[in-house]
Amino acid sequence: MNRNVLIIEDDPAICEVLSYYLKKAGTYDLTLSHSAEEGLCLIQQGKPFDIILCDIMLPGMDGISFCEQVRRQIRIPIIFTSCLDDDDTIVRALGMGGDDYLVKPYHGPVLLAHIEATLRRCRQQGQTRSFAFGSVEFDGDARRILRDGKEISLSPTECNLLWYMADHPNRLIPYDEFYDEIWKKPSLGDYRSLFVHIRNLRKKIEEDPSTPVLIKTHPMGGYIFQYTGG
C-alpha cells in the first residue's frame, strides 16, 4: 500500500522535483499544498496522511508555526525541508515537534532515505509497551506520557528515543548509537537533532529539566537513562 505524503512547499520548481522523485519511487501518493493554511485545512478535513514534508519559509504562516498547530491536533511525522541551515532555526523547528530536518539542496535518494527512516521509526512504535517511573507513566502504543495523571503528547521521534533509552536502562548510550538505532543513519558528527529532542523530553518527564535525574548526560559523549522500574 502506498504512503500518503503531504508536501507543503510554495516554490513550483521544488514541488516538481519532489513530485518527480516520490512518484519515481512508486510507493507514495502525493498531495501538494502551497501554504501552511491550506495544509492545515487538509488535515482538519481528515485526510489520511502518513508523513508531511514542510518548508519553513512559506507565505503567511511559516512552517514552524504550522508544525505547532499540527501537534495540537494529530500525531503525524513532519520532516522540515529548508534552505535555512543555521542552528537557531534547526533547534526551533525540532523543538516545536519536527521529527527530522533536511537542508536544501539535497539529492532525491537522500530525501527518500529520510522519509523511509522516519516512517520506519513510526512503525516501530507499534511494538512498544508501557512502563512507569515516579509520577510519569509512558504509554508507548498511544505515543503519550501521563505526568501526575495529565497527558503530555510525544512526537514520534521523542517516543522512539524515550523507548530506546528505557529499553536499555542504566548504561551509557553513545550519541552515535542513537543515530544508528533511531535515525538509521550516521551522525557525521552533527548531534543537534538529538540534543534538541533530548532537551524536549527532559522538559516533559523531568521534575527539574535543568537538573535531570532520569536522562543523564555522560562526559564520554552520550546519555544514561537511570531507571530501576516501578
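Residues numbered from 1 in each chain as written. Predicted model: local features only at pLDDT ≥ 70, side-chain atom pairs only at ≥ 80, totals over all residues. Heavy atoms only, no water.

**Side note on the environment of N4**
And step 1. Note that N4 resides in strand β1 (residues 3-8).
And step 2. Placed 48 residues apart in sequence, N4 and I52 show a C-alpha to C-alpha distance of 8.7 Å.
And step 3. Leaving out residues up to four positions away in the same chain, N4 has contacts with D29, P48, F49, D50 and I51.
And step 4. There is a polar contact of 2.9 Å between the side chain of N4 and the backbone oxygen of P48. (Helix = DSSP H or I, 4+ residues; strand = E, 2+ residues; numbered from the N terminus. Contact = heavy atoms within 4.5 Å. Polar contact = N/O pair within 3.5 Å; in protein donor to acceptor, adjacent residues only side chain to side chain.)

**Examining the sheet that holds strand β2 (residues 28-33)**
And step 1. A sheet is described by the order of its strands in space; here five strands give the open sequence β2-β1-β3-β4-β5, paired in parallel fashion. Two strands bound the open sheet, and with one partner strand each, they are β2 and β5 (100-103). Ignoring strand direction, the axes of neighbouring strands in this sheet form an average angle of 20°.
And step 2. Both β1 and strand β3 (residues 51-54) contribute to a ladder of four bridges, which runs parallel. Opposite I7, over in β3, you have L53 as the bridge partner.
And step 3. Running at roughly 165° to β2, helix α1 (residues 12-25) makes contact with β1, β2 and β3 of the sheet.
And step 4. Lying over the sheet, helix α3 (residues 63-71) contacts β1, β3 and β4 (78-82), oriented at roughly 175° with respect to β4. (Pairing = 2+ DSSP bridges. Axes fitted to C-alpha atoms, helices over the stretch in contact; angles between N-to-C directions.)

**Digging into the pattern of salt bridges**
And step 1. On inspection of all chains with the given rule, the structure shows 11 salt bridges.
And step 2. A salt bridge links D99 to R71, with the shortest nitrogen-to-oxygen separation between them at 2.9 Å. In this pair, D99 sits in the loop between α4 (87-95) and β5 while R71 sits in helix α3, placing the two residues 28 residues apart along the sequence.
And step 3. Its relative accessible area of 0% is what places D99 among the buried residues.
And step 4. Among the ionic pairs, K204 bridges to E158, the shortest N-O distance being 2.6 Å. Separated by 46 residues along the polypeptide, K204 in helix α8 (residues 192-205) and E158 in helix α6 (residues 156-167) bring together distant segments of the chain. The same class applies to K204 and to E158, which are both buried.
And step 5. Taken together, the shared-partner salt bridges connect E9, D55 and K104 into one network. (Salt bridge = Lys/Arg side-chain N within 4 Å of Asp/Glu carboxyl O. Buried < 20%, exposed > 50% of the residue type's maximum accessible area, 1.4 Å probe, protein only.)

**Considerations on the packing of aromatic side chains**
And step 1. Using the criterion set out here, one finds 10 aromatic pairs in the structure.
And step 2. Pairing Y164 with F178 gives two aromatic rings, centres 6.3 Å apart and planes at 65°, and the pair type is edge-to-face. Here Y164, found in helix α6, pairs with F178, found in helix α7 (residues 175-183); they are 14 residues apart in sequence, far enough to count as distant.
And step 3. Here the aromatic cluster, defined as three or more aromatic residues joined through ring pairs, consists of Y164, Y175, F178, Y179, W183, Y191, F195 and Y223. (Phe/Tyr/Trp six-rings, centres within 6.5 Å; stacked < 30°, edge-to-face > 60°.)

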